[in-house]
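Each chain is listed here by its residues.
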Amino acid sequence: MNLVLIRKAEQSDGGSVALASKDERSVHIVNHLGKKTGDTVSFGIYDGPRGKATVTVDDGGGVRLTPVQETMVPPEPEPEITVLLAVPFPMRMKWLWPVMASFNYVTRIVVIRGELSNHEFCDSRSLREGVYGPLIEKGMSQGARTRGVKVDVCFENVSADLLGRLGLGDNSAARALLDCGDENNVPKELYGHVDGFFSDAHGRRASGVGSCPAATLAVGPERGWTEKEAKIFTDFGFASTSLGSSILRVDTAVVAGLGIVTAALDKARRRGATLEECQTAKVKRPRG
C-alpha cells in the first residue's frame, strides 16, 4: 500500500477521515508503517487529488487522517490503457484485478467471453462488483494512483458489433491483439507496434501525439483466440502482436503486455511533450 486511498463519502465536513482500528488501512498505517500521531502518510481521494495527510492514532488503534491541504494536487492528464480480457480461470481473474489496477495508465477493464473460454467461468464470483471493486482499490493503493478504473463485464462473443458498442474503434489509440499467429500470419512484436504507431502519429502531428496517448490491449483466454476471433479484431483495426515465442499463462501475458505497453506510452508521452515544447518555442520566438 503506497497510498492510503479513500472515498469522498468517507470524509467528514472538515475533510478528515476516521478509520476503524480493524480497517486494513489503519492496520497498515500503525503496524506496517509504524506511524504515530503527528506523522504523515501518502493520501489520495478516489478520482480526486492526492498529497499528504496527518495521522492521529486514538487509544483503541483507530486512525484519523487529516489532509495537508497545501500538498493536495489534482490528478494530471495521463495516457490511458484499456484492457480487453476474455474471461480466464476464476482464480487468475481474481488475482489480476489488483495487478491490472496497479498500472497507472489502466483506466478501463473490459471482460468478454471468448469462444474458447470455459462458459462456467462467467458465473464466477470474481466477476461481481462486490468482489472486484475492493480488489481494484487495493491495486490503486499499490500503484499510488487516484484515477479510477471503469469496468465493463459483457458475456458476449467477439463481434464487430460488440467492439463498436464498447467504443473500441478509436483510430487515435494503438490497438493490439495478443495472438500466437500461424504459418500465414506472423504477429508484430508488441513494443514495436505500439512505439511505431505513435512514432508515425508524431510525424503526422496526429491525434494522440500529445501527453495523453492511448492504447487498447486484447488478451485471450487460456486456450487463446480462435482464427475467426483474430480476424474480427484485425478487420476492426487491431494489430496482431506477440510477446515472443514463449507460451504464457493469461496472468503472465497480461502483466508482460501491460509493462510493454506502458513503456511504449511513456516514450510516446515524452515525444509528444517535446513536440509541444518545440511548437510553443516557435510561437514565442521573436521576429527579428
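Given the structure is predicted, the values throughout are model-derived calculations rather than measurements.

(A) Quick peek at the pairing of strand 7 (residues 106-112). Within strand 7, seven of the seven residues are buried, which leaves the element mostly enclosed by the surrounding structure. Note: strand 6 (residues 80-86) against strand 7, six bridges, orientation parallel. Note on strand 7: the bridge partner recorded for Val83 is Ile109. Remark: the strand 6/helix 2 (residues 90-102)/strand 7 crossover connection has right-handed handedness. Crossover strand 7 to strand 8 (residues 150-153) through helix 3 (residues 129-142) is right-handed.

(B) A look at the confidence of the model for the protein. Averaged over all residues, the pLDDT of the protein equals 88, while 88% of them reach at least 70. For the protein, helix 7 (residues 250-284) is the element with the lowest average pLDDT, namely 75, and strand 7 is the one with the highest, namely 97. Overall, residues 206-210 carries pLDDT values under 50, and its contacts beyond four positions in sequence, including any with other chains, amount to 14 contacts. Confidence drops under a pLDDT of 50 for residues 274-288, and excluding neighbours within four residues, the segment shows seven contacts in the predicted structure.

(C) Quick look at unusual backbone geometry. The phi dihedral of Asp47 is positive, around 60 degrees, even though this residue is not glycine. Turning to its location among the elements, Asp47 is positioned in the loop between strand 3 (40-45) and strand 4 (50-57). One non-glycine residue, Ala144, lies in the positive phi region at around 55 degrees. With respect to the secondary-structure elements, Ala144 resides in the loop between helix 3 and strand 8.

(D) View of the packing of helix 2 against helix 3. Across the interface, helix 2 lies against helix 3 with an axial gap of 7 Å and an inter-helix angle of 40 degrees. Considered as vectors, helix 2 and helix 3 are oriented oblique to each other. Crossing of helix 2 against helix 3: the hand is right-handed. Across the interface between the two elements, Lys94, Trp97, Pro98, Ala101 and Ser102 from helix 2 touch Tyr132, Leu135, Ile136, Gly139, Met140 and Gln142 from helix 3. Along the lines of polarity and charge, the residues of the contact of helix 2 with helix 3 split into seven nonpolar, three polar and one charged.

(E) Highlighting the sheet that holds strand 5 (residues 63-67). If you walk across this open sheet you meet the five strands as 1-3-4-5-2, and the pairing is mixed. The outermost strands of the open sheet, each flanked by one partner alone, are strand 1 (4-6) and strand 2 (17-19). In this sheet, adjacent strand axes meet at a mean angle of 35 degrees when their direction is disregarded. As paired elements, strand 4 and strand 5 share five bridges and run antiparallel to each other. Across the sheet, residue Thr54 finds its bridge partner in strand 5, namely Thr66.

(F) Representation of the nonpolar core in the model. Counting residues in each nonpolar core, the largest one holds 46 residues, and the members touching the most others are Leu85, Trp97, Met100 and Leu258. For this core, the secondary structure elements donating two or more residues are strand 6, helix 2, strand 7, helix 3, strand 9 (174-178), helix 5 (190-204), strand 11 (214-219) and helix 7. The biggest single contributor to this core is helix 7, with eight residues. Contact partners of Leu258, with chain neighbours within four places excluded, come to Ile81, Val83, Met100, Phe103, Val106 and Leu217. Residues Val110, Val158, Leu162 and Leu168 belong to the second largest nonpolar core, which totals 17 residues.

(G) Fine view of the side chain of Asp152. Residue placement: Asp152 occurs in strand 8. Engagement of the side chain of Asp152 in a polar contact is seen with the side chain of Arg108, the distance being 2.8 Å. Aside from chain neighbours lying at most four places away, what touches Asp152 is Arg108, Ile109, Val110 and Val111.

(H) Molecular detail of the sheet that holds strand 12 (residues 239-242). Strand order across the open sheet formed by seven strands is 8-7-6-11-9-12-10, with parallel pairing between neighbours. Since the sheet does not close on itself, it has two edges, and those belong to strand 8 and strand 10 (188-189), each with one partner.

(I) Inspection of the side chain of Thr241 at higher detail. Residue placement: Thr241 occurs in strand 12. Using a relative accessible area of 0% as the deciding quantity, one classes Thr241 as buried. Those residues in contact with Thr241, other than ones at most four positions away along the chain, are Ala176, Leu177, Leu178, Asp179, Pro187, Lys188, Leu190 and His193.

Rules used throughout
- Residues numbered from 1 in each chain as written.
- Predicted model: local features only at pLDDT ≥ 70, side-chain atom pairs only at ≥ 80, totals over all residues.
- Heavy atoms only, no water.
- Buried < 20%, exposed > 50% of the residue type's maximum accessible area, 1.4 Å probe, protein only.
- Helix = DSSP H or I, 4+ residues; strand = E, 2+ residues; numbered from the N terminus.
- Pairing = 2+ DSSP bridges.
- Right-handed = clockwise from strand over helix to strand, strands pointing away.
- pLDDT = per-residue confidence, 0-100.
- Contact = heavy atoms within 4.5 Å.
- Axes fitted to C-alpha atoms, helices over the stretch in contact; angles between N-to-C directions.
- Parallel < 35°, antiparallel > 145°, perpendicular 65-115°, else oblique.
- Left-handed = near helix turned anticlockwise from the far one by under 90°.
- Nonpolar A, V, L, I, M, F, W, Y, C, P; charged D, E, K, R; others polar.
- Core = buried A, V, L, I, M, F, W, Y, C linked by side-chain atoms within 4.5 Å.
- Polar contact = N/O pair within 3.5 Å; in protein donor to acceptor, adjacent residues only side chain to side chain.

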